[in-house]
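Residue strings, one per chain:
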Amino acid sequence: QGTREGIFWAKINALFDYIISEFVFQLSDAVNVCKSTKTDSCSWSPEQDDKGLWLTDVTQFRIPAGKAYLSPVIDCFDGMPVAWSIGLHPDKRLANSSLLKACAARPAGVRTTIHSDRGGHYRWPEWIGICEENGLVRSMSAKGCSPDNSACEGFFGRLKNEFFHYRDWEGV
């Protein structure tokens, strides 16, 4: 798109892809250290017993130009994002696109549970259809029990503290 909004959105996508990629790079270093120590807590992998657990949620980033929303799918095995999408609105299109990307990256034969909060975009027929088409088991937080998805919230906290807060976002 050659419009002002299209150019702005292309810059925001590139910026957030860079930030998340840098964060993932640092996380992968920690995971590699964990794997090299071969401790009991690090010796399991999803491929060993054909199970996997993913978490998802949406978070907001405020920058001078407006708001951007991030919807990652996080693998509980190593805390790494499997996939993510960035958008101007926290809607079903954002949630669906990150789930579709994650499903495309999933190894064949791995039984995966996808856990989310009770957001409306995780209860839409399209989300349910994507889960069913890809053999995902859906799991949702209990009503009023936000700690159910605390690992995903922890990912957001680390990402924002290490790569978003305390940076100058003027001109973005």
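Our subject is the structure that appears above.
Counting starts from 1 at the beginning of each chain's written sequence and moves along it residue by residue. Local features in this predicted model are restricted to residues whose pLDDT is 70 or higher, and side-chain atom pairs enter the listing and the counts only when it is 80 or higher, whereas totals over whole chains, interfaces and linings include all residues. Processing note: side-chain calculations cover all non-hydrogen atoms of the structure and skip hydrogens and water entirely.

Participant: Is there a simple way to think about the overall build of the protein in this case?
Facilitator: Helix numbers and strand numbers start at the N terminus; a helix is a DSSP run of H or I with at least 4 residues, a strand a run of E with at least 2. From N to C terminus, the protein includes 5 helices and 6 strands. Helices and strands appear in the protein in the N-to-C order α-α-β-β-β-β-α-β-α-β-α. Only protein chains enter the accessibility calculation, which uses a 1.4 Å probe. A residue is then buried if its area is under 20% of the maximum for its type, exposed if over 50%, and partly exposed in between. When each of the 172 residues of the protein is scored for burial, the buried share is 40%. Taking as baseline every contact in the protein between residues at least 6 positions apart, the subset at least 24 positions apart corresponds to 64%. Accessible surface is estimated by sampling points in the Shrake-Rupley manner with a 1.4 Å probe; for residues, cover comes only from the protein chains shown. A total accessible area of about 9700 Å² is found for the protein, and carbon and sulfur atoms account for 53% of it. Any pair of residues with heavy atoms lying within 4.5 Å of one another is described as a contacting pair.

Participant: Hey, could you run me through the pattern of salt bridges in this one?
Facilitator: Pairing of side chains with opposite charge becomes possible as their charged atoms draw close. Any carboxyl oxygen of Asp or Glu that lies within 4 Å of a side-chain nitrogen of Lys or Arg is treated as forming a salt bridge with it. What the rule picks out here adds up to 2 salt bridges. One salt bridge in this structure joins Arg 93 and Asp 91, with 3.9 Å as the shortest N-O distance. With a relative accessible area of 62%, Arg 93 lands in the exposed category. Residues Lys 92 and Glu 126 are paired through a salt bridge, measuring 3.2 Å at the closest nitrogen-oxygen approach. A residue pair is termed long-range when its members are at least 10 positions apart, and Lys 92 in helix α3 (residues 92-105) and Glu 126 in helix α4 (residues 125-133) qualify at 34 residues. Lys 92 sits in the partly exposed class, given a relative accessible area of 30%. Under the relative-accessibility criterion, Glu 126 is labelled partly exposed at 36%.

Participant: Just to check I follow, could you spell out the packing of aromatic side chains for this structure?
Facilitator: Aromatic ring pairs are described here by two measures, namely the spacing of the ring centres and the angle between the planes. When two rings of Phe, Tyr or Trp (its six-membered ring) have centres within 6.5 Å they constitute a pair, described as stacked for plane angles under 30 degrees, edge-to-face for angles over 60, and tilted for the intermediate range. This model, assessed by the stated rule, comprises 2 aromatic pairs. Look at Tyr 122 and Trp 127: their rings are 4.8 Å apart centre to centre, the planes differ by 70 degrees, and that puts the pair in the edge-to-face class. Judged by its relative accessible area of 2%, Trp 127 is buried. We count a charge as sitting over a ring when the NZ of a lysine or the CZ of an arginine lies within 6 Å of the ring centre and within 35 degrees of the ring normal. Lys 92 extends its terminal NZ or CZ atom over the ring of Trp 124, reaching a point 4.4 Å from the ring centre. Positioned over the ring face of Phe 61 is Lys 160, at 5.1 Å from the centre of the ring.

In short, the description is geometric, and any link to function would need to be established separately.
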